[in-house]
Amino acid sequence: MANVLVHIHTGPENANKATLGCLVALTAAKAGHDVSVFFAADGVHLLSEEHISSVEGQGTGALADHVPALAEAGARFYVSGKSAKARGYDDGLLAGLPAEFAMPDKLVALSLEADTTLSY
């Protein structure tokens, strides 16, 4: 199986694109691929409880479905520490998720290790 990196930098203002990134990541995980999702820039908002419960795309599903399903499927979440801090988030953003804060060097490493990198 492949190593897939999905880089989500789109925030809740574009629900279709943001949820599409999660849907594609989930599709890869369900197919048995090793999936990492890196949330950066406004994409970090997607992991807040407020947005997980309210963001739904047109035909691309709801974060309330995708995020828990990704966790259950074994996907790993990386969250830009710089992006999160700049937007007022702390460790509480990661609570209950298979997530860790990461710096740009981790994104570069993940992209070099990936067989496929997708960006949303």
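Before going into details, it helps to say that this report is about the structure given with it. (Residues numbered from 1 in each chain as written. Predicted model: local features only at pLDDT ≥ 70, side-chain atom pairs only at ≥ 80, totals over all residues. Heavy atoms only, no water.)

**Re unusual backbone geometry**
Now for step 1: Positive phi values are uncommon outside glycine, yet Ala41 reaches one of about 50°.
Now for step 2: The topology assignment puts Ala41 in the loop between strand E2 (34-39) and helix H2 (49-52). (Helix = DSSP H or I, 4+ residues; strand = E, 2+ residues; numbered from the N terminus.)

**Overview of the pairing of strand E1 (residues 3-8)**
Now for step 1: For E1, a buried count of six out of six residues is recorded, marking the element as mostly surrounded by other parts of the structure.
Now for step 2: Pairing of E1 with E2, which is carried by six bridges, proceeds in the parallel orientation. Considered in E2, the bridge of Val6 is made with Val37.
Now for step 3: What joins E1 to E2 is helix H1 (residues 15-30), and the crossover it makes is right-handed.
Now for step 4: With four bridges joining them, E1 and strand E7 (residues 116-119) adopt parallel strand pairing. Its bridge partner being in E7, Val4 is matched across the sheet by Thr116. (Buried < 20%, exposed > 50% of the residue type's maximum accessible area, 1.4 Å probe, protein only. Pairing = 2+ DSSP bridges. Right-handed = clockwise from strand over helix to strand, strands pointing away.)

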